[in-house]
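So the chains spell out like this:
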Amino acid sequence: MPRTAIYPGTFDPISLGHVDVVLRGLKLVDRIVIGVAENIGKGPMFDLQTRLAMVREVFADESRVEAVAFTGLLVDLAHQYQAQAILRGLRAASDFEYEFQMATMNRRLDESIETVFVMAREDYTFVSSRFIREIASMGGDVSSLVPPAVLPHLPNQQG
Ligand code: ADP
């Protein structure tokens, strides 16, 4: 049976930091299912279908990666795809508190699914979707922070 990990997130939009997490994850498992969460609470810039389309475009040539939208419980998505693991990225200590809570809650919901963390690449530790949105909105160049496919979707970029 192929080893599968779910990589959940808002991906508003997907960044080079996210891509780095996926590439690291592919060294550990056979297949990664990127779960693009609705996450109304975060008031996303891009609607769910656009976020999903961007992720799919970025990994169009990577047969081991697929992307799906999800609105329910993460452990339910993991069951649906027979995933053994949940993949997350860690940048700084500030990520830890939230990630710790989420991993612990998911373990409470299903002991059999292991949350696995990979460390962000040094040059991407400061990269967040929030800053990408803010910088682009104010006319800053974010071409070194997002995959080329994402650039045309962002405001004020040459793309
Ligand atoms: P969420 O809303 O669940 O935090 P995000 O799309 O912001 O979703 O992030 C998804 C995951 O990717 C989280 O584990 C986050 O810590 C990680 N991540 C985000 N940006 C980076 C980055 N630059 N390098 C490594 N991991 C990252």
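Our subject is the structure that appears above.
Note that the structure is predicted; figures quoted are calculated from it, not measured.

A. A look at the pairing of strand E2 (residues 31-37). Most of E2 is tucked away, with six of its seven residues classed as buried. Where the polypeptide runs from strand E1 (residues 4-9) across helix H1 (residues 16-25) and back to E2, its parallel neighbour, the crossover connection is right-handed. As paired strands, E2 and strand E3 (residues 65-70) are joined by six bridges and run parallel to one another. Paired with Val33 across the two strands is Glu66, which belongs to E3. In the classification by handedness, the crossover that spans E2, the intervening helix H2 (residues 48-58) and the parallel E3 is right-handed.

B. Seen up close, the pairing of strand E5 (residues 114-119). When strand E4 (residues 85-90) meets E5, the two strands line up parallel, connected through six bridges. Looking at the pairing, Ile86 lines up with Thr115 of E5. The β-α-β motif built from E4, the intervening helix H4 (residues 93-109) and the parallel element E5 has right-handed crossover chirality.

C. Broad picture of the site of the ligand. Of all residues adjacent to the ligand, which total 18 residues, the nearest are Tyr7, Thr10, Lys42, Gly89 and Tyr124. A distance of 2.7 Å separates an oxygen atom of the ligand from a polar atom in the side chain of Tyr7. Considering the ligand on its own, with 560 Å² of exposed area, one finds that the protein chains cover 94% of that surface. Counting residues per element, the ones that place at least two in the shell around the ligand are E1, H1, E4 and H4.

D. Looking closely at the packing of aromatic side chains. Applying the stated criterion across every chain yields a total of two aromatic pairs. When the ring of Tyr7 is compared with that of Phe11, the centres are 5.2 Å apart and the planes differ by 80 degrees; the resulting orientation is edge-to-face. In this pair, the class of Tyr7 matches that of Phe11, namely buried. Ring centres of Phe96 and Phe100 lie 5.5 Å apart, and the angle between their planes is 20 degrees; this geometry places the pair in the stacked category. Note that Phe96 and Phe100 are positioned in helix H4 at a spacing of four residues, about one turn of the helix.

About the cut-offs
- Residues numbered from 1 in each chain as written.
- Predicted model: local features only at pLDDT ≥ 70, side-chain atom pairs only at ≥ 80, totals over all residues.
- Heavy atoms only, no water.
- Buried < 20%, exposed > 50% of the residue type's maximum accessible area, 1.4 Å probe, protein only.
- Helix = DSSP H or I, 4+ residues; strand = E, 2+ residues; numbered from the N terminus.
- Right-handed = clockwise from strand over helix to strand, strands pointing away.
- Pairing = 2+ DSSP bridges.
- Near = heavy atom within 4 Å.
- Polar contact = N/O pair within 3.5 Å; in protein donor to acceptor, adjacent residues only side chain to side chain.
- Areas by Shrake-Rupley, 256 points an atom, 1.4 Å probe, with all protein chains shown as cover.
- Phe/Tyr/Trp six-rings, centres within 6.5 Å; stacked < 30°, edge-to-face > 60°.

Keep in mind that these numbers describe shape and distance, not what the molecule does.
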